[in-house]
Amino acid sequence: MDAKTKLELLADNAAFESAEEKRGEAPPSNSAAACGHSPLELKRAYEQIQAGSASTLETKKNSLGIHHAQMPGGKTIALLKTMLTSACERDCYYCPFRAGRDYRRATFKPEEMAKTFNELQRSHIAEGLFLSSGVAGGGVRTQDRLIDSIDILRNKLNYRGYVHLKIMPGSERDQVQRAMQLSDRISINLEAPNTRRLADLAPHKVFLEELLRPLQWAEEIRKTQPAHLGWQGKWPSLTTQFVVGAVGENDLEILSTTAYLIKKLRLARTYFSAFNPVRDTPLENHTPENPWREHRLYQSSFLLRDYGFDLEDMPFTQAGFLPLDVDPKIAWARQNLVETPIELNRADRRELLRVPGIGPKGVEAILVARRTSILRELKDLKALGVIVARAAPFVLLNGQRPSWQLSLW
Ligand code: SF4
């Protein structure tokens, strides 16, 4: 099988991994993939690639597993999201790659993967690489092959661009460190928020020792080893992913683990994937999860990461779920700010971040504007990038509640 055919085969399911997509920033669409992970827009069209017309360029890229990805820092690049092999000896209940599932697999050797990606990036078809794998021959051996692929790419083929490398369950500490010396980002998918839930989702994965421990090692390495040992003088960022709604876990469980990951292990992102059943897996008859649940989890994780919110601030129901019909920041503000609105001319950074419609950039703009003027009207806020329809019910401007319409909320 040639390399292009392998990429096409892998692309059919490789999009199930989250990798630098702009996820969680917009309300859900109906584009969830059949397997319940990333939106999958991969159509078979490699023959059209050869035709080379501009109109087929995106289709051509999608067929190989290349998609638009947002880098840490905001830049968008064409990221090849693929796997070293889609063969796997594990049997996670939700996964299209699970052992024994009948479909055509593809496997790259490390050298072949490195050369294939190198050709794509030299042809300006792909600019970055996300590389994952099924587990074949154990987590340690699979991790060695992933590392070998990137080692060849970096040290033989002199590729300096973006690499996001997956860490396999059961990898060793030295392998995590080596991966961190070659990559811009590494990730380990926890899939479930705790040991109990993982047992129902992926019975042969061990939550603490195989999945959480490598993330803890990565943070230990970042804290204790000098940064010049990392790739291009920096240690990589860390991410993980949860499957949401497959095994009865509630949002409190997921966000408890998320808060730990963000605050203690400094994860850059936690990805959430609303479950959708995959044909011919043990969960194929399980009900798909509402994509709004995924969206509310993203919003809450951003509040934990960027807005100074704590788990206790989240508007959980008694059953431990977030309401689907309201933004969690607005829910918090309705409970806490309606009677005691925040005076935007005096509030500190932490208080400003609590106001719906005001993000970190808006806070900075307000703090700068206040040095030279008094904020008096909603149009002053609008000019600073504040979403005034959201902020108005919860703020004071120069001691006055701004006039706003009931319909706004
Ligand atoms: S380890 Fe589990 S989730 Fe990963 S590829 Fe294998 S079956 Fe899928």
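This text goes with the structure placed above it.
Parameters at a glance
Residues numbered from 1 in each chain as written. Predicted model: local features only at pLDDT ≥ 70, side-chain atom pairs only at ≥ 80, totals over all residues. Helix = DSSP H or I, 4+ residues; strand = E, 2+ residues; numbered from the N terminus. Buried ≥ 20, exposed ≤ 12 C-beta atoms within 10 Å, placed from the backbone. Near = placed C-beta within 6 Å. Nonpolar A, V, L, I, M, F, W, Y, C, P; charged D, E, K, R; others polar. Core = buried A, V, L, I, M, F, W, Y, C linked by C-beta atoms within 7 Å. Contact = placed C-beta atoms within 7 Å. Pairing = 2+ DSSP bridges. Axes fitted to C-alpha atoms, helices over the stretch in contact; angles between N-to-C directions.

Outline the environment of proline 291, listing residues and values.
Along the chain, proline 291 falls in helix 10 (residues 291–306). By the C-beta count within 10 Å, which is 22 here, proline 291 ends up buried. When the C-alpha atoms of proline 291 and alanine 274 are compared, they prove to be 5.6 Å apart, with 17 residues separating the residues in sequence.

I'd like a description of unusual backbone geometry, backed by residues and values.
With a phi angle near 60°, asparagine 158 is a residue other than glycine that sits in the positive phi range. One can find asparagine 158 in the loop between helix 5 (139–156) and strand 4 (162–166). Even without being glycine, glutamine 232 reaches a positive phi, approximately 50°. Relative to the helices and strands, glutamine 232 resides in the loop between helix 8 (207–224) and strand 6 (237–244). Of the residues examined, glutamine 232 has 11 C-beta atoms within 10 Å and is grouped as exposed.

Requested: an account of the site of the ligand, with residues and values cited.
The ligand sits among Cys88, Arg90, Cys92, Cys95, Phe97, Arg98, Gly134, Val135 and Ala202. For the shell around the ligand, the class distribution of residues is six nonpolar, one polar and two charged.

Report on the nonpolar core, specifying residues and quantitative values.
By size, the foremost hydrophobic cluster in this structure holds 81 residues, and its most contacted members are Leu80, Tyr94 and Leu201. Discounting residues that sit within four places of it in the chain, leucine 80 has contacts with Leu64, Gly65, Ile66, Phe117, Leu120, Ala126, Leu129 and Phe130. In terms of nonpolar packing, the next biggest core, distinct from the first, is built from 19 residues, Trp332, Ala333, Ile366 and Leu375 among them.

Can you lay out the sheet that holds strand 3 (residues 128–132) for me, pointing to particular residues and giving the numbers?
Judged by pairing direction, the sheet is mixed, and its seven strands sit side by side in the order 1-2-3-4-5-6-7 without closing on themselves. Of all strands in the sheet, those bounded by a partner on one side alone are strand 1 (66–70) and strand 7 (269–274). Pairwise comparison of adjacent strand axes, ignoring direction, gives a mean angle of 25° for this sheet. As paired strands, strand 3 and strand 4 are joined by four bridges and run parallel to one another. Note on strand 4: the bridge partner recorded for glycine 128 is tyrosine 162. Contacts between helix 10 and the sheet are confined to strand 6 and strand 7, with strand 7 contributing the most and set at about 170° to the helix.

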